Amino acid sequence: MGDAKKDPISCALSIMRRMPPNKIEHNLSGLLNLVPEHTDELLQRVDQPLEEATCAESGRKYLLCDYNRDGDSYRSPWSNAYEPPLDDGFVPSAKLRALEVEANALFDAYRELYFEGGTSSVYLWDLDGGFAGCFLIKKGVSGHEFVSTGAWDSIHVVEVAEAGDGRATYKLTTTVMLSMDVHKPAVGDSNLSGSLTRMAEKACAVDEAHPHVANIGSMIEDMETDIRTYLDSLYIQKTREVVSSIRKLHKGPTQDKGFTMNLNSAVLKHGKNRAVDSES
């Protein structure tokens with residue numbers, strides 16, 4: 001009890017790590033009811049599946065997260081306005097806003113090329129000596145041949161420190177949340193869900209040929225490729241291996257090759273040691 005009173009945030013995060021990944025929102029809501037005074041910090045430190053909204057000005061969809069939230073309002077990356085409206089909502093500087101507009105256009109093209117659908121959003125904010133940003137992608141699936149419902153949520157948070165000599169250091173933290181539900185009479189109901197977080201750091205030149213958006217985009221592309229490969233080998237292939245080891249696809253008892261060889265060896269050994277019957 002003493003530790004819980006001293007550090008409720010650590011205890012709450014420890015609980016969240018042990019909860020089912022496909023019930024993050026429900027479990028986090030319960031924790032916030034227990035410790036409402038830590039709501040802002042928990043919302044910043046616990047990644048949740050992304051939600052969509054529609055920009056009132058442009059009619060385009062955008063993603064909601066803690067990085068474009070101010071109170072109960074969210075800033076649209078397309079209009080730079082908060083919904084519901086705020087008089088003093090945080091917005092990036094004019095120079096950074098121009099970069100944000102460019103990043104949203106390029107990231108939207110990346111999403112369409114790699115995910116063939118879904119929604120993306122980019123939010124940037126100023127820092128001393130540089131800036132930071134959040135690059136979001138959400139792709140939902142429903143009525144698929146193999147997956148009845150599912151979603152891919154990727155959250156890329158990057159911190160850019162400008163050195164002033166034509167170079168910058170980029171620190172990238174990526175969290176991917178994957179959820180798949182299968183409802184089929186042949187196999188029953190099953191759910192495969194989980195999250196994965198990875199970090200990377202890289203120093204790059206910044207010039208006309210290598211602007212910030214290109215450097216960040218290259219890091220995000222490499223990170224997503226690595227995570228997709230890891231998720232496939234860890235979640236998909238490993239699950240298939242475990243299921244195949246406990247379930248036979250054909251009917252009736254089976255004997256593998258090793259069992260048959262051991263049985264033949266035992267029979268031969270017994271025949272050699274057996275005494276020959278004498279003739280009557």
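For the structure itself, look to the data block above.
The structure presented is a predicted model; accordingly, all values stated were derived computationally and were not measured.

1. Section: the environment of D70
Following the sequence through the fold, D70 ends up in strand 3 (residues 69-70). In contact with D70, other than residues within four places in its own chain, are Y82, L86, D88, G89 and F90.

2. Points about helix 2 (residues 8-17)
Here helix 2 has its buried residues at I9, A12, L13 and M16. Burial along helix 2 is one-sided: seen end-on, the buried residues are contained in an arc of 95°. Where the residues of helix 2 are buried, they touch helix 3 (24-34) and helix 4 (39-45).

3. A look at the nonpolar core
Judged by nonpolar contacts, the single largest core of 30 residues is most densely connected at F135, Y170 and I216. Counting residues per element, the ones that place at least two in this core are helix 5 (94-115), strand 6 (119-127), strand 7 (130-142), strand 8 (149-162), strand 9 (167-184), strand 10 (188-205) and helix 6 (212-246). No other element matches helix 6, which puts seven residues into this core. In contact with Y170, other than residues within four places in its own chain, are V158, E159, V160, A200, E201, K202, C204, V206, H212, N215, I216 and M219. Core analysis: the next-biggest nonpolar cluster, separate from the first, contains 26 residues, L13, M16, L43 and Y123 among them.

4. So, the side chain of K138
Topologically, K138 is positioned in strand 7. Here D153 takes part through its side chain, which lies 2.9 Å from a polar atom of the side chain of K138. When sequence neighbours within four positions are dropped, the list of residues in contact with K138 reads L50, E52, L63, G118, T119, A151, W152 and D153.

Procedures and definitions
- Residues numbered from 1 in each chain as written.
- Predicted model: local features only at pLDDT ≥ 70, side-chain atom pairs only at ≥ 80, totals over all residues.
- Heavy atoms only, no water.
- Helix = DSSP H or I, 4+ residues; strand = E, 2+ residues; numbered from the N terminus.
- Contact = heavy atoms within 4.5 Å.
- Buried < 20%, exposed > 50% of the residue type's maximum accessible area, 1.4 Å probe, protein only.
- Arc of directions from axis to C-beta.
- Core = buried A, V, L, I, M, F, W, Y, C linked by side-chain atoms within 4.5 Å.
- Polar contact = N/O pair within 3.5 Å; in protein donor to acceptor, adjacent residues only side chain to side chain.

So, to be careful, I would describe these as geometric facts and stop short of saying anything about function.
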